Amino acid sequence: MRHHLRPGTPRRASARTLLAAGTGIAATGALCLAVTAPATAAAPAAEVAAGSTTVTPAGHAFAAKLSGKATFKAGSVTVTCTVSNATGKVPDAPANHNDAGAVASTITAPTYSSCTTSMAGVSATVTTSGSWGVAMQNGAPSTAAMNIPQGGVVVKTSGLASCTVTAAPSGPATVNGTWANGAPSTLTFSGATVPVTVTGGFGCPTSATTSTFGATYTVSDTTDPAAQITVTS
């Protein structure tokens, strides 16, 4: 399925690699794209030294699968998708370990299907493209930063409301989330902001410049189904 995951591939200054993907890991269960008014910039956070990170098993392929529903909300129209998948691969050793920072991998652009809208007479499509990635950082909790390439997500509605919402319109964007080891492990993004542009006619929120993104994916080891993808120190 980082498939934050600082435009471009997220990383610490000392990071050995960064995950650039296309939801190649993008595993997420509730994915929400809610158009809002321009956000007020937050005060910069103090820099904290990154600890060591190891993603295992080294070299194993993984699959990210939507858990539940993926929801994209633009203005008064909500698009709900029930199927979403992405794939990727843990870096081969020794690149699956970083002494002082995140470990990144590329992932495929996530796909979305079985989508419906909240309005009668309105249909929707969700398309993704480009090179996506996820960077995992061990911690309490472990974190994940996913890179969305420029124009990597486009939501279009047609019928009574014809709008186009494009994420990361001017360059790559990073959304931050959390990783939880398990059987299977999960990758979750909640309330992360992403820049957008909105075009269309009456009823389209064309003045919006940001949106929120939320999603949860289960991530399974496809090289060895008995193993689990884990993030440790």
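Source: prediction; values computed, not measured.

(A) Up close: the overall build of the protein chain. Counting its secondary structure elements, the protein chain contains 0 helices and 17 strands. Counting over 233 residues, the protein chain shows a buried share of 48%. Accessible surface, the protein chain as shown: approximately 9,800 Å² in total, 58% of it carbon and sulfur.

(B) Region of the structure containing the sheet that holds strand β17 (residues 230-232). Overall, antiparallel pairing links the 3 strands, which are arranged β6-β2-β17 in an open sheet. Each edge of the open sheet is held by one strand with a lone partner, namely β6 (97-98) and β17. Judged from the 3 bridges that link them, strand β2 (residues 53-56) and β17 form a sheet pairing that is antiparallel. Opposite Val 55, over in β17, you have Val 231 as the bridge partner.

(C) Inspection of the state of the cysteines at higher detail. Across all of its chains, the model carries 1 disulfide by this definition. What pairs with Cys 81 in a disulfide is Cys 115, and their sulfur atoms sit 2.0 Å apart. The disulfide joining Cys 81 to Cys 115 has a torsion of about 105° about its S-S bond and is therefore right-handed. Of this pair, Cys 81 sits in strand β5 (residues 77-89) while Cys 115 sits in strand β8 (residues 111-117), and the two are 34 residues apart along the sequence.

(D) Representation of the confidence of the model for the protein chain in the model. With 77% of its residues at a pLDDT of 70 or more, the protein chain shows a mean pLDDT of 79. Per-residue pLDDT stays below 50 along residues 1-47; that stretch engages in 251 contacts with residues further than four places along the chain or on separate chains.

(E) The environment of Trp 132, seen in detail. With respect to the helices, strands and loops of the structure, Trp 132 is situated in strand β10 (residues 132-137). For the pair formed by Trp 132 and Gly 152, sequence separation is 20 residues and the distance between their alpha carbons is 8.2 Å. At a separation of 2.9 Å, a polar atom in the side chain of Trp 132 contacts the main-chain carbonyl oxygen of Ser 129.

(F) Focus on the pairing of β10. Summarising burial for β10: 6 of the 6 residues are buried, a large majority. Alternating residues of β10 divide into Trp 132, Val 134 and Met 136 and Gly 133, Ala 135 and Gln 137, and every residue in both groups is buried. Of the strand pairs in this sheet, strand β7 (residues 103-107) and β10 are connected by 5 bridges, and their pairing is antiparallel. Across the sheet, Ser 105 pairs through a bridge with Val 134, a residue of β10. Summarising the sheet, β10 and strand β11 (residues 142-148) pair through 5 bridges and their orientation is antiparallel. Counted as the bridge partner of Gln 137 is Thr 143 from β11. The turn joining β10 and β11, which pair antiparallel and follow one another in sequence, is formed by 4 residues.

(G) How the structure looks around the pattern of salt bridges. Scanning the model with the defined rule gives 1 salt bridge in all. With a shortest N-O distance of 2.9 Å, Asp 92 and Lys 89 are connected by a salt bridge. By relative accessible area, which is 39% here, Lys 89 ends up partly exposed.

(H) How the structure looks around unusual backbone geometry. Cis peptide bonds are those with omega within 30 degrees of zero, and the linkage from Ala 93 to Pro 94 qualifies with 5°. Mapped onto the elements of the fold, Pro 94 is located in the loop between β5 and β6. A cis amide bond links Ala 183 to the next residue, Pro 184, at an omega of 5°. Positive phi is not limited to glycine here, since Ser 114 has a value of about 55°.

(I) Local environment of the side chain of Asp 221. With respect to the helices, strands and loops of the structure, Asp 221 is situated in strand β16 (residues 210-221). As a buried residue without a salt bridge, Asp 221 has its nearest oppositely charged side chain in Lys 89, at a separation of 11 Å. Of the polar contacts made by the side chain of Asp 221, one reaches the side chain of His 60; its length is 2.7 Å. There is a polar contact of 2.9 Å between the side chain of Asp 221 and the backbone nitrogen of Thr 223. Excluding residues that lie within four positions of it along the chain, Asp 221 makes contacts with Pro 57, His 60, Ala 61, Ala 227, Gln 228 and Ile 229.

Calculation criteria
- Residues numbered from 1 in each chain as written.
- Predicted model: local features only at pLDDT ≥ 70, side-chain atom pairs only at ≥ 80, totals over all residues.
- Heavy atoms only, no water.
- Helix = DSSP H or I, 4+ residues; strand = E, 2+ residues; numbered from the N terminus.
- Buried < 20%, exposed > 50% of the residue type's maximum accessible area, 1.4 Å probe, protein only.
- Areas by Shrake-Rupley, 256 points an atom, 1.4 Å probe, with all protein chains shown as cover.
- Pairing = 2+ DSSP bridges.
- Disulfide = S-S within 2.5 Å.
- pLDDT = per-residue confidence, 0-100.
- Contact = heavy atoms within 4.5 Å.
- Polar contact = N/O pair within 3.5 Å; in protein donor to acceptor, adjacent residues only side chain to side chain.
- Salt bridge = Lys/Arg side-chain N within 4 Å of Asp/Glu carboxyl O.
- Lys, Arg positive; Asp, Glu negative; His and termini not counted.

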